[in-house]
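# Remarks on the overall topology
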Amino acid sequence: MFEVPDDLRYMESHEWTSTDDVARIGITDFAQDELGDVVFVELPDEGSELTKGDEFGVVESIKAVSDLYAPISGTVVGVNEALFDQPELVNDDPYAEGWMLEVEPADDGEFDELLTAEEYREQTE
Amino acid sequence: MAHRKPPLREVHADRGAKFTGFGGWEMPVEFDSIRTEHAAVRDSAGIFDVSHMSEIEVSGPDATELMQRLTTNDVTALDPGDSQYSCITDESGVILDDTVVYALPDELDNSDSADPTYLFIPNAGHDEQMYERWTSHRDEWGLDAAVDDQTEEWAMFAVQGPDAPGLVADAAGSDVLDCSRFEATYAEIAGADCLVARTGYTGEDGFEVLCPWDAAESVWSEFDCQPCGLGARDTLRIEMGFLLSGEDFDPEEEPRNPYEAGIAFTVDLDTEFVGRDALERAKEDGVDERFVGLKLAERGIARHGYELRDESREKIGHVTSGTMSPTLGEAIALGYVRTDHAEPDTRVRVVVRGDEKRAQIVNTPFLENK
């Protein structure tokens, strides 16, 4: 079974976000497993604006390229630069050391439009 | 259309393999991780199920003539138990497929005649097309040869890596170690009659084992090493600069002749075969584009279809295969560039999602001493 923390919200396209004042964003355990060995992550710079549902970056495994989609709108205030040298952190620890962005949400109401952990589990079962 | 399944589809699924469609077959792409499987083959040994590869047997008084006329290499150079890498080309010299041609060892040649029997290995999903090609040309030329599509009679495993010869010798008897590269012999493994050939597509020493379809599980189980999927097979062959049918050449999407594709050694112009005259002209005239290796100098990965440009941003070619090399930890790629940009050390640009990334033409194989 894949890990799906209860306190996060999820996109159908397998991104997660925390619901904090500065929300962390990454990809799920299921997604990293599907991708296989992650070898490259392309992320926006600090100060960039995200729009919910739009592409914000790319994650590449040895075998495939996948776009990343923003679970919420907001301003990027932090980028996990450790992933540029150690993209495998996405595989090893997708909800902690493998986080990708920190975002100041533009609209807290958007969290409610995302999947709950239970709903995401149902999608990936 | 439903995918064809290798005999060990469920055995692999129980082992936790992930699957992919390839050449019309549902094949394991990954058992553990591509990185783990790739490293096992480079450092010790791994086993691949390549039962999706096609097998066509050609026998009879005119078998040699038929093989000679439909493949680019010289089959008369093969003694029983030898094999060779070869191409199948159309009239214009375009590669329809690449293949290994075996002259079967005497033990496996069941025919009563003294004529050699051949087994050749078209790529996955090409068996019907090649069977049709062989039989229609045989009939057109009035040759006396039997052509038998045995794709679903033979399972095929590749045991590859520095420890692979020892593993195969343990399973099949030490006589197999007498085989040189591209030699094959008959051997019994787990009670099954197998063709064991010192061939492979990873750059490592090792063997390919063809066994009867219904003996697949017992033969597979004889090899105690890392199971590997098509994902690792792809990274391993890219590191060696080896071509993949459908990616690096394809009669529809990427029509290439053997000179463009860097496998001129498969062409013997002293033989008569379909496409020979076109290839003689191509050799005399030279080719406009050549298959090359590339290394990226900036972060990014070059993938199939990405454009290649020169330093003045003019398009000079495109990528056909690319990955992050697990061995080198560098982004490497294969592709075609204009011949005037094909020399090693030439600086080029790869367009990765709209951004130009600096890259350099390099010699293949990317790994030395392989």
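To be clear, the structure that these remarks concern was listed above.
Cut-offs used in this document
- Residues numbered from 1 in each chain as written.
- Chains lettered and ligands numbered in written order.
- Predicted model: local features only at pLDDT ≥ 70, side-chain atom pairs only at ≥ 80, totals over all residues.
- Heavy atoms only, no water.
- Core = buried A, V, L, I, M, F, W, Y, C linked by side-chain atoms within 4.5 Å.
- Buried < 20%, exposed > 50% of the residue type's maximum accessible area, 1.4 Å probe, protein only.
- Helix = DSSP H or I, 4+ residues; strand = E, 2+ residues; numbered from the N terminus.
- Contact = heavy atoms within 4.5 Å.
- Buried area = accessible area lost by both parts, 1.4 Å probe.
- Salt bridge = Lys/Arg side-chain N within 4 Å of Asp/Glu carboxyl O.
- Polar contact = N/O pair within 3.5 Å; in protein donor to acceptor, adjacent residues only side chain to side chain.
- Phe/Tyr/Trp six-rings, centres within 6.5 Å; stacked < 30°, edge-to-face > 60°.
- Lys NZ or Arg CZ within 6 Å of the ring centre and 35° of its normal.
- Pairing = 2+ DSSP bridges.
- Axes fitted to C-alpha atoms, helices over the stretch in contact; angles between N-to-C directions.

## Concerning the nonpolar core
Residues and elements named next belong to chain B. Core analysis: the largest hydrophobic core is formed by 30 residues, its most contacted members being Phe157, Ile189, Val219 and Phe223. Secondary-structure elements contributing two or more residues to this core are β9 (154-160), α5 (164-172), β10 (184-189), β11 (192-197), β12 (206-212) and α6 (216-220). Ranked by residues supplied to this core, first place goes to α5 with six residues.

## Quick notes on the interface of chain A and chain B
Contacts between chain A and chain B engage 17 residues on the former and 15 residues on the latter. Between chain A and chain B, the buried area comes to about 1,400 Å², and carbon and sulfur atoms account for 47% of it. Summed over the shared surface of chain A and chain B, the number is five salt bridges. Residues Glu30 of chain B and Lys63 of chain A are paired through a salt bridge, measuring 2.7 Å at the closest nitrogen-oxygen approach. One can count 13 residue pairs in polar contact (both at pLDDT 80 or more) joining chain A with chain B. Sorting elements by how many residues they give to the side of chain A that touches chain B places strand β4 (residues 38-42) of chain A first, with five residues.

## Side note on the packing of aromatic side chains
All names here are of chain B. Applying the stated criterion to the full structure yields ten aromatic pairs over all chains. When the centroid spacing of 5.9 Å and the interplanar angle of 40° are considered together, the rings of Tyr85 and Phe265 count as tilted. One end of the pair, Tyr85, is in strand β5 (residues 83-89); the other, Phe265, is in the loop between α7 (230-240) and α8 (276-285), and 180 residues separate them in sequence. Geometrically, the ring pair formed by Phe291 and Tyr336 is tilted, given 5.1 Å between the ring centres and 50° between the ring planes. Of this pair, Phe291 sits in strand β14 (residues 289-296) while Tyr336 is found in strand β17 (residues 331-338), placing the two residues 45 residues apart along the sequence. We note that Phe291, like Tyr336, is buried. Here the aromatic cluster, defined as three or more aromatic residues joined through ring pairs, consists of Phe31, Phe157 and Trp220. Sitting over the ring of Trp141, Arg69 keeps its end group 4.7 Å from the ring centre.

## Section: the sheet that holds strand β6 (residues 55-61) of chain A
Residues and elements named next belong to chain A. The three strands are arranged β4-β6-β7 in an open sheet whose pairing can be described as antiparallel. Edge positions in the sheet fall to β4 and β7 (65-69), since each has one partner strand and no second. Shown here is a sheet whose adjacent strand axes are inclined to one another by a mean of 25°, direction ignored.

## What about unusual backbone geometry?
Residues and elements named next belong to chain B. Residue Pro365 is reached from Thr364 by a cis peptide bond, and omega for that bond is 0°. Tracing the sequence through the fold places Pro365 in the segment after β19 (355-362). In this model, Ala190 sits at a positive phi of 50°, which is unusual for a non-glycine residue. Structurally, Ala190 can be placed in the loop between β10 and β11. You can call Ala190 partly exposed: its relative accessible area is 36%. Backbone geometry places Arg313, a non-glycine residue, at a positive phi of 70°. Checked against the element boundaries, Arg313 lands in the loop between β15 (307-309) and β16 (315-324).

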